[in-house]
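In case you want the letters, here they are:
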Amino acid sequence: MDQGDKSTIRTKTPTEIILATPGLSPELKQKLLPIISALTRGGKIMSSLIARGPLLGITGSAGKENVQGEEVQTLDRIGQDTFCRVLEETQKVRELLSEEEPLPTFFPESDPDGLLVAMDPLDGSSNISVNASIGSIFAVFRRSKTTGKENLFGGDDRELVAGAYILYSASTSFVMAIDQKTYLFTMDPSFGGEFLGTGEPLHFPAGGKIYSTNESYFPLWEKRIQDYILWVKSERQPVMTSRYIGALVGDLHRNLLKGGIYLYPAEGVPGKGHGKLRLLYEAYPMALICQFAGGIATDGIRSILSIKPGSDLHARVPLIAGPMDLVSEFHKKTGNPL
Ligand code: P6P
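Only a predicted model underlies this, so the values are computations on that prediction, with no experimental measurement involved. (Residues numbered from 1 in each chain as written. Predicted model: local features only at pLDDT ≥ 70, side-chain atom pairs only at ≥ 80, totals over all residues. Heavy atoms only, no water.)

S.K.: What's the story with the pattern of salt bridges in this structure? I'm lost.
M.R.: When the charged atoms of two side chains with opposite charge come close together, those side chains can pair. As enumerated under the stated definition, the model contains 15 salt bridges in all. Where R254 meets D251, a salt bridge forms, and the shortest distance between an N and an O atom there is 2.9 Å. One end of the pair is R254 and the other is D251, both in helix 6 (residues 248-258) and three residues apart, which spans about a single turn. In this structure, R254 and D251 share a single accessibility class: buried. Each member of the salt-bridge network shares a partner with another, and the members are E70, E99, R278 and E282. (Salt bridge = Lys/Arg side-chain N within 4 Å of Asp/Glu carboxyl O. Helix = DSSP H or I, 4+ residues; strand = E, 2+ residues; numbered from the N terminus. Buried < 20%, exposed > 50% of the residue type's maximum accessible area, 1.4 Å probe, protein only.)

S.K.: When you look at the packing of aromatic side chains in this model, what are you seeing that I'm missing?
M.R.: The geometry of an aromatic ring pair is captured by the separation of the ring centres together with the interplanar angle, meaning the angle of the planes. The final tally for this structure, using the stated rule, is nine aromatic pairs. Aromatic pair F83 and F138: ring centres 4.9 Å apart, planes at 65°, arrangement edge-to-face. With a gap of 55 residues between them, F83 in helix 4 (residues 74-90) and F138 in strand 6 (residues 134-143) connect regions that are remote in the sequence. Each of the two residues, F83 as well as F138, counts as buried. Both rings, one in F174 and one in F185, keep their centres 6.1 Å apart while their planes meet at 35°; by these two values the pair is tilted. Of the two residues, F174 is situated in strand 8 (residues 172-178) and F185 in strand 9 (residues 181-188); the sequence distance between them amounts to 11 residues. An aromatic cluster of at least three residues, connected via ring pairs, comprises F174, F185 and F195. (Phe/Tyr/Trp six-rings, centres within 6.5 Å; stacked < 30°, edge-to-face > 60°.)

S.K.: Sorry if this is basic, but what is going on with the sheet that holds strand 5 (residues 115-123) here?
M.R.: Pairing between sheet strands relies on hydrogen bonds along the backbone, with the strands arranged either parallel or antiparallel. Spatial strand order, 4-3-5-6-7-8-9-10: eight strands in an open sheet with mixed pairing. This sheet does not close on itself; its edge strands, each paired only once, are strand 4 (105-106) and strand 10 (194-196). Summarising the sheet, strand 3 (residues 93-98) and strand 5 pair through five bridges and their orientation is parallel. Note on strand 5: the bridge partner recorded for V93 is L115. Against the sheet, helix 4 makes contact with strand 3, strand 5, strand 6 and strand 7 (158-168), and its axis sits at roughly 155° relative to strand 5, the strand it touches most. (Pairing = 2+ DSSP bridges. Contact = heavy atoms within 4.5 Å. Axes fitted to C-alpha atoms, helices over the stretch in contact; angles between N-to-C directions.)

S.K.: Teacher, can you tell me more about unusual backbone geometry here?
M.R.: Peptide bonds are trans in most cases, and residues, glycine excluded, mostly fall at negative phi. Of note, the amide linkage connecting Q237 to P238 takes the cis form, showing an omega dihedral of -5°. By secondary structure assignment, the location of P238 is in the loop between helix 5 (223-234) and strand 12 (241-242). Even without being a glycine, N131 presents a positive backbone phi close to 55°. The residue N131 is located in the loop between strand 5 and strand 6 in this model. The exposure class assigned to N131 is exposed, which follows from its relative accessible area of 74%. Its identity as a non-glycine residue notwithstanding, D179 has a phi of 45°, on the positive side. Within the secondary structure, D179 sits in the loop between strand 8 and strand 9. Judged by its relative accessible area of 24%, D179 is partly exposed.

Pasting the structure below:
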């Protein structure tokens, strides 16, 4: 039985977990609490809209492209507007960076020492119209020192203090990584949409047998990546199985609960040499969630969390994420042992 299905009673809320976390200062707690509460409130709203999407006619395209050059879905915009609103209302977010907007949104009415949030408000949009898993991803940073600079995302004095995602699937999950632990909560629609968990931290199971990657890009990958995938498919024992649903949150959540490695390697073509996933609001939060669950995320060479963000706020990185045993095996087989 995997961790997500333990039949223990779920009574803990994210607020109770944060309040009981010894490694967070009172000053940080009083900023994180309203922000995490805003994320779960936004998650309830999005869960309700996504569940009724086809009936409301909001599962289609918004008819434009985002800063990434990707077709925007109507629910992408709704997600952007929903999380932007609930986070602004906390007055504890100084600046919000989103996949959907080229520049960060600055909240002048917020606490001058407020936190920074980077988000992908709705990830996996191509799954929306076919009722497959999608998610929202968040990274929360504090300024390591008050620099007075208002364009804070442009600075390099950020410290990642929390990572979280919401998974909209058979049920709606909220996964939060804070103070060296990763927690799972499930939304209970019959209980006012409260997110409830056991309070027990999540840990990747060892010996996982799942690998997740889009093998249609195999011809574009570096030879060391191709050789690893060929080895997994032909020689590795025990044999692994392939699972890939094309939404980072859904793929990573399954691998977190059952044990599996997620790979989005760099492609050897111009403009895609750094992979597809973005450092600040996809790789960073997933890396924190993995690390605090006993795993690790790398770019194929080094830990994601060791990568300093540059001036490109939407910079992309390759992402190899999963339990320590499987990611270490990948690094050993591809010539860069951890
Ligand atoms: P591909 C969704 O667009 C996303 O950003 C991630 O959620 C997902 O893992 C990946 O891209 C899927 O990309 O190239 O396999 O369709």
